[in-house]
Amino acid sequence: LARNLDHLAGLPGETADGHRVRLWVNTGLMADVVRSLERGAEGVGLYRTEVPFLLRDRFPSEEEQREIYREQLEAFAPRPVTMRTLDVGGDKALAYFPIEETNPFLGWRGIRVTLDHPEIFLGQVRAMMKASQGLDNLRIMLPMISGVGEVEAARKLVERAHRELRDEGYRIDMPPLGIMIEVPSAVYQASDLAQQVDFISVGSNDLTQYLLAVDRNNSRVASIYHALHPAVLRALLQVVNAGHTARTKVGICGELAGDPGGALLLVAMGYDVLSMNATNLPRVKAALRAVKKSDADQLLKQVLDLQYPEQIEQVLQDFLQGLG
Ligand code: PEP
Ligand code: MG
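Note that the coordinates shown come from a computational prediction; the quantities given were computed from them, not determined experimentally.

Draft legend 1. Region of the structure containing the overall build of the chain. Scanning the chain from terminus to terminus reveals 14 helices and eight strands. The C-alpha radius of gyration of the chain comes to 19 Å, within 12% of the 20 Å expected for a compact globule of 324 residues. In terms of overall dimensions, the chain has C-alpha extents of about 60 × 45 × 35 Å along its principal axes. Within the span of the chain, comprising 324 residues, buried residues form 44% of the whole. Partitioning the contacts of the chain with sequence separation of at least 6, the portion at a separation of at least 24 is 69%.

As structure tokens, this is what we get:
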């Protein structure tokens, strides 16, 4: 699979026998947009809005945000763009909004911050919706959801912003609203959560960190951070099944989606959307197009019987090598 993959850009994400999977990209910087379009991205599964916030020395105004979001939405239209509301705290700190905590990953981050600061949340979703007028390709996604109450509170704010914009004369539909599944509690409550929203997307970077209790950025424990840990795979399977039972589309936007072996397992599990760094898109597409769905199913079955992450990694590596 190491050959030149440029020819893949115009081809759809599907298995050799035509099982369709949406291969989307994660973006943040404008450079990601150009690269994503060159590589034939079919949509954006995660636009990290904290990136423009990190590049400034103060909160961007609603109008500044509208311009930034418009660029994203326009670049990809008519393809969908999933904008995540501000996910600061944890490992992402804004210099002009310091958060001092002993346990930042278990502290005030993501939706917890923006629900405590509705003015930040409202300014963001207003800017997103204004930016989407006439394009209609916006989806809004909430990070770090740990229970249904947060979704209810956030939905109320999104609906209020939408109502206010309509009153101000904007003509925009209420965008699809989704959540990230990246906290273990959300795995166990995935079916309740899925019924509340239009889509769910697994943040496997954080989910792995929280399931294994391994800091994703601590090099001392990096060797036990296993994105393919059997417990992680079981959680991923549980989430996709819960989502589909609720008739909700299920995606994933963590690094695992950009790993060809991981991607094949996710496809076998039934994930509808794999969203990844544009750099990984051609490799994942090549692997997907080289296997039949039934082969991926077989691979998943084999892997789910294994108890050690290292065995799983080995099986995937051998399988990929067999593809050539
Ligand atoms: C994740 O946690 O998997 C994710 C996609 O979000 P981030 O990496 O921005 O925390
Ligand atoms: Mg995350």
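Now that the structure has been shown, the text picks up again.
Draft legend 2. The arrangement of the confidence of the model for the chain in detail. Residues at a pLDDT of 70 or more form 99% of the chain, whose mean pLDDT is 96. Across the interface, the model reports ipTM at 0.99; the global pTM reads 0.97.

Draft legend 3. Focus on the nonpolar core. Counting 83 residues, the largest nonpolar core has I145, I179, I181, V239, L266 and L274 as its most contacted members. Leaving out residues up to four positions away in the same chain, I181 has contacts with A186, V187, A190, I200, V202, G203, L207 and V239.

Draft legend 4. Highlighting the site of ligand 1. Around ligand 1, the neighbouring residues are L46, R48, D87, E182, G203, S204, N205, D206, C253 and G254. The set of elements that each furnish at least two residues to the shell around ligand 1 consists of β2 (44-48) and α9 (204-212). The leading source of residues in the shell around ligand 1 is α9, at three residues. For the shell around ligand 1, a count of residues per class yields two nonpolar, four polar and four charged.

Cut-offs applied
Residues numbered from 1 in each chain as written. Chains lettered and ligands numbered in written order. Predicted model: local features only at pLDDT ≥ 70, side-chain atom pairs only at ≥ 80, totals over all residues. Helix = DSSP H or I, 4+ residues; strand = E, 2+ residues; numbered from the N terminus. Rg over C-alpha atoms; globule rule 2.2 N^0.38 Å. Buried ≥ 20, exposed ≤ 12 C-beta atoms within 10 Å, placed from the backbone. Contact = placed C-beta atoms within 7 Å. pLDDT = per-residue confidence, 0-100. Core = buried A, V, L, I, M, F, W, Y, C linked by C-beta atoms within 7 Å. Near = placed C-beta within 6 Å. Nonpolar A, V, L, I, M, F, W, Y, C, P; charged D, E, K, R; others polar.

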